[in-house]
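Here's the letter readout for the chains.
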Amino acid sequence: MNRTRIKCCGMTRVEDARLAAELGADAIGVVITARSKRRVDLPQARAIVAAMPPFVTTVALLMDDSAETVRAVIEQVRPDLLQFHGSESDAWCAQFGRPYLKAVAMGEGAAALPRLREYPRAVGLLLDGHGLGEPGGSGKAFDWSLMPTELPQPLLLAGGLHAGNVGEAIRLARPWAVDVASGIEASPGIKDPERMADFIAAVRAADRA
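Residues numbered from 1 in each chain as written. Predicted model: local features only at pLDDT ≥ 70, side-chain atom pairs only at ≥ 80, totals over all residues. Heavy atoms only, no water.

> Let's hear about the packing of aromatic side chains: which residues, and what values?
Under the definition given, this model contains four aromatic pairs. Their ring planes at 25 degrees and their centres at 6.3 Å tell us that Phe84 and Phe96 sit as a pair that is stacked. Here Phe84, found in strand β4 (residues 81–84), pairs with Phe96, found in the loop between α4 (90–94) and β5 (100–105); they are twelve residues apart in sequence, far enough to count as distant. In this pair, the class of Phe84 matches that of Phe96, namely buried. Ring plane angle 75 degrees and centroid distance 5.1 Å describe the contact between Trp92 and Phe96, whose orientation is recorded as edge-to-face. Trp92 sits in the partly exposed class, given a relative accessible area of 25%. On the basis of relative accessibility, which here comes to 13%, the residue Phe96 falls in the buried class. Cluster of aromatic residues (ring-pair linked, three or more members): Phe84, Trp92, Phe96 and Tyr100. For the cation-ring pair, Arg5 lies above Trp176, with the distance from its terminal atom to the ring centre recorded as 4.0 Å. (Phe/Tyr/Trp six-rings, centres within 6.5 Å; stacked < 30°, edge-to-face > 60°. Helix = DSSP H or I, 4+ residues; strand = E, 2+ residues; numbered from the N terminus. Buried < 20%, exposed > 50% of the residue type's maximum accessible area, 1.4 Å probe, protein only. Lys NZ or Arg CZ within 6 Å of the ring centre and 35° of its normal.)

Dropping the structure here:
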């Protein structure tokens, strides 16, 4: 059985992140960039990351933030992965010597596909449904049939996913992982336990299909 990994992003509370881990999420994300409505400060992010059990990957999301901000996140939060969501180049992302994910805005459809080849040093590429220059977590989906199959890095699917459509998304796109934020929330940054459980159960059901 192929197992689709699950990242629950936009965590703002320790209890939500712990529940995601208990339910079987493979990774949780905290958003540092000031451009997001799910932003947490460094002490909040550190508390969430520190609360995670072994084998749950922690990811810190940034978007066109300064190098000084990124270094502060590395030093104070100590996430397993960095995730860059803006116009950062491969060289800029790689300068910190830490494994990173690069998000690519897929809102313009096939025209965005060439950008996927611009980040050879990324450990994974996250294809999100928002437009170029917009922050993630928009709840917008893109045409999942555009998901490429020939790239060397693992591909993460994001944008508009929820328990009702993630099975179809996995069937069409066959991603390495799915990334969800708004689809498991009661309000921005506040996770809904039932929606989170339903989402993870739907991913597992799709893997068994």
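> Go over the sheet that holds strand β1 (residues 5–8) with me, naming the residues and quoting the values.
The strand order around the closed barrel formed by eight strands is β1-β2-β3-β4-β5-β6-β7-β8, and the pairing between neighbours is parallel. Within the sheet, the average angular offset between the axes of one strand and its neighbour, ignoring direction, is 25 degrees. Of the pairings in the sheet, the one linking β1 to strand β2 (residues 27–31) comprises two bridges and is parallel in character. Residue pairing for β2: Cys8 is matched across the bridge by Ile28. In the packing of helix α6 (residues 193–208) onto the sheet, the strands contacted are β1 and β8 (177–180), and the crossing angle to β1 comes to about 160 degrees. (Pairing = 2+ DSSP bridges. Axes fitted to C-alpha atoms, helices over the stretch in contact; angles between N-to-C directions. Contact = heavy atoms within 4.5 Å.)

> Describe in detail the environment of Arg71, supporting the description with residues and values.
Position of Arg71 among the secondary structure elements: in helix α3 (residues 67–76). Distance in space between the C-alpha atoms of Arg71 and Lys191 is 28 Å, their sequence separation being 120 residues. Contact partners of Arg71, with chain neighbours within four places excluded, come to Gln95 and Phe96.

> Describe the pattern of salt bridges, with residues and values.
One pass over the full model with this rule turns up 13 salt bridges. Each of Arg3, Asp26, Arg204 and Asp207 takes part in a single network of salt bridges with overlapping partners. (Salt bridge = Lys/Arg side-chain N within 4 Å of Asp/Glu carboxyl O.)

> Which residues make up the environment of Phe55, and what values go with them?
Within the secondary structure layout, Phe55 lies in the loop between α2 (42–50) and β3 (57–62). Note on Phe55: relative accessible area 84%, which makes it exposed. In this structure, the C-alpha to C-alpha distance between Phe55 and Asp26, residues 29 residues apart in sequence, is 7.5 Å.

> Any chance you could break down α3 for me, citing the residues and the numbers?
Of the positions making up α3, those classed as buried are Ala67, Val70, Val73 and Ile74. One side of α3 carries all its buried residues, which in axial view fall inside an arc of 120 degrees. For α3, the exposed residues lying more than 90 degrees away from the buried face are Glu68 and Glu75. Backbone geometry just downstream of α3 places Arg78 in the positive-phi region, at approximately 60 degrees. (Arc of directions from axis to C-beta.)

> Give me the lowdown on the state of the cysteines, citing residues and values where you can.
By definition, a disulfide is the covalent link that joins the sulfur atoms of two cysteine residues. Using the criterion set out here, one finds zero disulfides in the structure. Of all cysteine sulfurs, the one in Cys9 lies closest to Cys8, which takes part in no disulfide; the gap is 9.0 Å. Owing to a relative accessible area of 0%, Cys8 belongs among the buried residues under this scheme. Cys93 takes part in no disulfide bond, and the closest cysteine sulfur, belonging to Cys9, lies 16 Å away. Exposure remark for Cys93: the relative accessible area of 0% places this residue in the buried category. (Disulfide = S-S within 2.5 Å.)

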